[in-house]
Amino acid sequence: MLDDFFVRAVIAGVGVALVACPLGCFIVWRRMAYFGDTTAHAALLGVALGLLVGIGPTLGVFVMTVIVALLLVVLLRVARVASDTVLGILSHASLSIGLVVLAFMTWVRVDLIGYLFGDVLAVGRADVYVVLGGAVAVLVALMAIWRPLVAATVDRDLARAEGVNVAAVEVIYVLLIAVVVAISMKLVGILLVTSLLIIPAAAARGFSSTPERMAIFSAGLGVVSVLAGLSASAEWDTPAGPSIVVAAFLVFILSAGIALVYDMTRRSAHGN
Amino acid sequence: MNDVAVPDPIARPANTAPAKPVPAEILLACRGLGVRRGGRWLIHGVDLDVGRGEIVSIVGPNGGGKTTLIKTLLGIERATSGQVTRRAGLRVGYVPQRLAVDRTMPLSVERLMRLVRRAPSADIKAALEETGVPHLLDRPVQALSGGEFQRVLIARALLGRPDILVLDEPVQSVDFSGQVDLYRLIASLREEHGCGVLMVSHDLHVVMRATDRVLCLAGHVCCTGAPGDVSRSPEYTRLFGPVASETLAIYAHKHDHAHAPSGEVVPVHDHDHRHGHDNPARGD
């Protein structure tokens, strides 16, 4: 079954969507979209590092995104300029450094477009196992820290006052983002990873009354986007990563429209 | 049939009963507490005790370090000097002024009640019932008014069966009649739950009438003592009306020093300055 590249892509895509979307809800709630972007952009440097050290691109990406994400957490706290400026500087700097370093490594031939925008043909049998293993690990960890992380997202002081180890929970959360970036890179690409984190989450907002529902809906919408995107890609021979993002965007537009109509009908039912 | 009187193991022999009431169990205390940030002492040398069943109000000017003090007592901020002691296993219920919940975060009141720990629905309803807002259960928190939010937050804190309730300016964003009701509620919680209450008052002179002790904080503890009766002060009765005098009290500050614009402490009595602070600004 795993011999078919389409089946491999579907399994990997569904696995990524199931964890990236609930994790992405926190990115939306904490207004960290740019943080996710910056972390993802550092992944290219991770690819170079992985090839240089010989640990392979996926592990290299994981190590590099962890380092950059933790550095960002510290840097954002001590920086004298606004955090979006810090992220804007580092996001482009890390992407450019990655491109430059790869250019120096003349002895390896890297499929740059594949890393930047994803390459569904490059998802091999081993990648499927890595994605599924990573997804299960992220899901288990996320469920373990779910309540304290939601509490820290709502109010850090309140969570801390009542005994939540906010710093530890937030470090684990950043590590989970790094894992998700590493496992979704092959499918959607470095430049598009954040979209899978935030678009389904944003689409799920309108239908959700609790954080848990938003996480579950977002995972569902993410799976729909991946399946629709991959099918479209197979049908019309479009690039897989961007097709998934376009599908997610259409799901977002549709759900925003439905939520708007739902809101208006409810308001007119109540307000008479 | 057995008519032999068995001595009640719980009843204490009369001669060993304590002669005077045991002092209230200290829940939370600090000694010489100081917090220094950015080269400036936000608070320093603060001593404070809160006992079980006791209500302590903190008053003081803006920037006087009221919020810093409670955040340090709660372990949110780290102390630079001095120490905080908590009774072992102390359960704290923290009631912030308001939560800045992002619009993107769907959060109903019911879910907010389960923010830090799980709770059965019946307990949640009972807690909201107690603070008078059971109808808000399904409301998104972003749609609550200031007073509703405070009552929900108090109910949430009560769910954890706290030994001590810590409230940060609980009535600040509440209209006046709502303030009186809210103070009444807080006072009743001490009776119902026997917990200690530590709260920051947003007014420099007016505190909740049930307050046992007031602490005036302007970086350091300026003065501390019991609040006076608001009804004894015609000025306040005229201002707040007779109903308010049942829930509010005034605090007469007895400062033995004044504050220079820099925040430095200067003595107010003018016969004393020769052996008092060596103040170069005076130039004598």
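The model shown is predicted, which means the values in this text are computed figures rather than measured ones. (Residues numbered from 1 in each chain as written. Chains lettered and ligands numbered in written order. Predicted model: local features only at pLDDT ≥ 70, side-chain atom pairs only at ≥ 80, totals over all residues. Heavy atoms only, no water.)

Peer 1: Now, about the overall build of chain B: what can you tell me, with residues and values included?
Peer 2: Within chain B, the secondary structure is distributed over six helices and 14 strands. In chain B, which comprises 284 residues, the share counted as buried stands at 45%. Sequence separation of at least 24 residues holds for 67% of the intrachain contacts in chain B that already meet a minimum separation of 6. Here chain B displays about 14,900 Å² of accessible surface, and carbon together with sulfur accounts for 52% of that area. (Helix = DSSP H or I, 4+ residues; strand = E, 2+ residues; numbered from the N terminus. Buried < 20%, exposed > 50% of the residue type's maximum accessible area, 1.4 Å probe, protein only. Contact = heavy atoms within 4.5 Å. Areas by Shrake-Rupley, 256 points an atom, 1.4 Å probe, with all protein chains shown as cover.)

Peer 1: Quick rundown of the overall build of chain A? Include the residues and the values.
Peer 2: If you tally the helices and strands in chain A, you get 12 helices and zero strands. Ordered by position from N to C terminus, the α and β elements of chain A give α-α-α-α-α-α-α-α-α-α-α-α. For 272 residues, the compact-globule estimate of 2.2 N^0.38 gives 19 Å, and chain A sits close to it at 19 Å. Counting only C-alpha atoms, chain A reaches 70 × 50 × 30 Å along its principal axes. Across the 272 residues in chain A, those meeting the buried criterion constitute 49%. Sequence-distant contacts in chain A: of pairs separated by 6 or more residues, those separated by 24 or more amount to 76%. Element-wise, carbon and sulfur atoms account for 71% of the exposed surface of chain A, whose accessible area totals about 12,400 Å². Looking at chain A, you have 15 positive and 15 negative side-chain charges, and the mean spots of the two groups are 8 Å apart. (Rg over C-alpha atoms; globule rule 2.2 N^0.38 Å. Lys, Arg positive; Asp, Glu negative; His and termini not counted. Charge placed at Lys NZ, Arg CZ, Asp CG, Glu CD.)

Peer 1: Mind laying out the sheet that holds strand β1 (residues 26–37) of chain B, listing which residues take part and the relevant values?
Peer 2: All names here are of chain B. If you walk across this open sheet you meet the three strands as β2-β1-β4, and the pairing is antiparallel. Edge positions in the sheet fall to β2 (40–51) and β4 (81–86), since each has one partner strand and no second. Pairwise comparison of adjacent strand axes, ignoring direction, gives a mean angle of 15° for this sheet. Pairing geometry for β1 and β2, over eight bridges, is antiparallel. Across the sheet, residue Cys 30 finds its bridge partner in β2, namely Leu 48. Helix α1 (residues 66–73) rests against β1, β2 and β4 of the sheet, and its axis sits at about 120° to β1. (Pairing = 2+ DSSP bridges. Axes fitted to C-alpha atoms, helices over the stretch in contact; angles between N-to-C directions.)

Peer 1: Hey, could you go over the packing of aromatic side chains for me, with residue numbers and the actual values?
Peer 2: Residue and element names in this part refer to chain A. Counted by the stated rule, this structure contains three aromatic pairs over all chains. Ring geometry for Phe 26 versus Trp 146: centroids 5.0 Å apart, planes at 70°, classification edge-to-face. Of the two residues, Phe 26 is situated in helix α1 (residues 5–29) and Trp 146 in helix α7 (residues 125–154); the sequence distance between them amounts to 120 residues. Assigned by exposure class, Phe 26 and Trp 146 land together as buried. Each member of the aromatic cluster is reached from another via a ring pair, and the members are Phe 26, Trp 29, Trp 146 and Tyr 173. (Phe/Tyr/Trp six-rings, centres within 6.5 Å; stacked < 30°, edge-to-face > 60°.)

Peer 1: Lay out the interface of chain A and chain B with the relevant residues and their values.
Peer 2: Contacts between chain A and chain B engage 23 residues on the former and 25 residues on the latter. Taken as a group, Arg147(A), Val154(A) and Glu162(A) account for 32% of the area that chain A buries against chain B, more than any other trio of residues on that side. Across the pair Glu212(A) and Arg111(B) runs a salt bridge, and its minimum N-O distance is 2.7 Å. Where chain A meets chain B, there are 12 residue pairs in polar contact (both at pLDDT 80 or more). Counting residues per element, the ones that place at least two in the side of chain A that touches chain B are α1, α7, α8 (156–161) and α11 (211–236) of chain A. Among the elements that line the side of chain A that touches chain B, the one with the most residues is α7(A), at six residues. (Buried area = accessible area lost by both parts, 1.4 Å probe. Salt bridge = Lys/Arg side-chain N within 4 Å of Asp/Glu carboxyl O. Polar contact = N/O pair within 3.5 Å; in protein donor to acceptor, adjacent residues only side chain to side chain.)

Peer 1: Before we move on, can you summarise empty space enclosed by the protein with the specific residues and values?
Peer 2: Residue and element names in this part refer to chain A. The full count for this structure, using the stated rule, is two cavities of 30 Å³ or more. By volume, the largest cavity amounts to about 70 Å³. As for the largest cavity, its lining consists of Ala 12, Thr 58, Val 123, Asp 127, Val 130, Val 131, Ala 182, Ile 183, Lys 186 and Leu 187. Every element with two or more residues in the lining of the largest cavity is listed here: α7 and α9 (166–188). For the lining of the largest cavity, the residue count by class is seven nonpolar, one polar and two charged. (1 Å grid on protein atoms, 1.4 Å probe; cavity = no way out; pocket = protein on both sides within 12 Å on 5 of 7 lines; lining within 4 Å. Points joined across faces, edges and corners; volume = space filled by probe spheres on them. Nonpolar A, V, L, I, M, F, W, Y, C, P; charged D, E, K, R; others polar.)

Peer 1: Can you lay out unusual backbone geometry for me, pointing to particular residues and giving the numbers?
Peer 2: Peptide bonds are, in most cases, trans, and in most cases residues other than glycine have a negative phi. The phi angle at Asp237(A) is positive, at roughly 60°, despite the residue not being glycine. You can see Asp237(A) is positioned in the loop between α11 and α12 (240–270). Given a relative accessible area of 69%, Asp237(A) falls into the exposed group. Despite not being glycine, Arg161(B) shows a phi value in the positive range, around 45°.

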